[in-house]
Amino acid sequence: MITIPHFAQPQLPRFKAYTNYDNYVGVGSWTKIGLNNTDYNDQGAFDAGTNLFTTPVDGTYLFGATLLYKVNSSTSARMRGRLVLNGGTEIRGSYGEISGAHVSEATALWLQTMVPLVAGDTIELHGYFRAQDGYFAADHTSLWGCKIG
């Protein structure tokens, strides 16, 4: 068995953030989701005031998100989600859409990807609706991440 000295493996930052209110998003515009609470936030790398994870150290990170649909006026809305690097670049492998019929507070989109980052990079969650507007539901819309290498 190989033993890795403690000093060779820095603390692994990890977090899980969620919204405690329904995030309204209009039709046809990518919108940063307000994630104002955390279940855990080791090393304080997620800032609930800015809705951003800021990379504390270089490495490879694993991220995931859950977007839960909540109806506004019509269930013909079509929900999309993505993770964004440094406020402008969609992270490859993080985009998804539910293109079938939506059920309020039951239709969910799950995103997951792995990405190499350098200290100071930021990650945020974006949502989008086409056809009709809607909400990303409170308590179940979330973003999580951890350093894996």
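(A) Representation of unusual backbone geometry. Here Gln43, not a glycine, exhibits a phi torsion of approximately 65 degrees, which is positive. Locating Gln43 in the fold gives a position in the loop between β4 (37-41) and β5 (46-47). Residues other than glycine seldom take positive phi values, yet Asn51 does so here, at roughly 65 degrees.

(B) Quick peek at the side chain of Thr19. Turning to its location among the elements, Thr19 is positioned in the loop between β1 (14-18) and β2 (23-25). Here the side chain of Thr19 touches Asn23 through a polar contact of 3.0 Å, side chain to side chain. Here the side chain of Thr19 touches Gly34 through a polar contact of 3.0 Å, landing on its backbone oxygen. Beyond its immediate stretch of four places on either side in the chain, Thr19 contacts Gly34, Leu35, Asn36, Ala137, Ala138, Asp139 and Thr141.

(C) Structural context of the nonpolar core. Counting 27 residues, the largest nonpolar core has Phe53, Phe63, Leu67, Leu125 and Leu143 as the members making the most contacts within it. Breaking this core down by element, the ones donating at least two residues are β1, β7 (59-70), β8 (78-85), β11 (108-117) and β12 (122-130). If you tally residues by element for this core, the top one is β7, at 5 residues. Residue contacts for Leu67: discarding those within four places in its chain leaves Ile33, Met79, Gly81, Thr107, Ala108, Leu109, Leu111, Leu125, Phe136 and Thr141.

(D) Structural detail: the side chain of Asp121. Take Asp121: it is sitting in the loop between β11 and β12. For the buried residue Asp121, which engages in no salt bridge, the nearest side chain bearing the opposite charge is Arg92, 13 Å off. In this structure the side chain of Asp121 is engaged in a polar contact, spanning 3.0 Å, whose partner is the backbone nitrogen of Val118. Once residues within four sequence positions are removed from consideration, Asp121 is found in contact with Phe53, Thr54, Thr55, Leu85 and Asn86.

(E) Region of the structure containing the packing of aromatic side chains. Within this structure, the stated rule accounts for 11 aromatic pairs. Seen from their ring centres, Phe15 and Phe63 are 6.4 Å apart, and the 55 degrees between their planes marks the pair as tilted. Of this pair, Phe15 sits in strand β1 while Phe63 sits in strand β7, placing them 48 residues apart in sequence. The pair formed by Phe15 and Phe63 is uniform in burial state, with each residue classed as buried. On the basis of an interplanar angle of 20 degrees and a centroid distance of 6.1 Å, the ring pair of Tyr61 and Phe63 is categorised as stacked. What makes Tyr61 buried here is its relative accessible area of 0%. Judged by its relative accessible area of 0%, Phe63 falls in the buried class. Among the aromatic side chains, those forming a connected cluster through ring pairs are Phe15, Phe46, Phe53, Tyr61 and Phe63. Sitting over the face of the ring of Trp30, Arg82 holds its NZ or CZ atom 4.2 Å from the ring centroid.

Calculation notes
- Residues numbered from 1 in each chain as written.
- Predicted model: local features only at pLDDT ≥ 70, side-chain atom pairs only at ≥ 80, totals over all residues.
- Heavy atoms only, no water.
- Helix = DSSP H or I, 4+ residues; strand = E, 2+ residues; numbered from the N terminus.
- Polar contact = N/O pair within 3.5 Å; in protein donor to acceptor, adjacent residues only side chain to side chain.
- Contact = heavy atoms within 4.5 Å.
- Core = buried A, V, L, I, M, F, W, Y, C linked by side-chain atoms within 4.5 Å.
- Buried < 20%, exposed > 50% of the residue type's maximum accessible area, 1.4 Å probe, protein only.
- Lys, Arg positive; Asp, Glu negative; His and termini not counted.
- Salt bridge = Lys/Arg side-chain N within 4 Å of Asp/Glu carboxyl O.
- Phe/Tyr/Trp six-rings, centres within 6.5 Å; stacked < 30°, edge-to-face > 60°.
- Lys NZ or Arg CZ within 6 Å of the ring centre and 35° of its normal.

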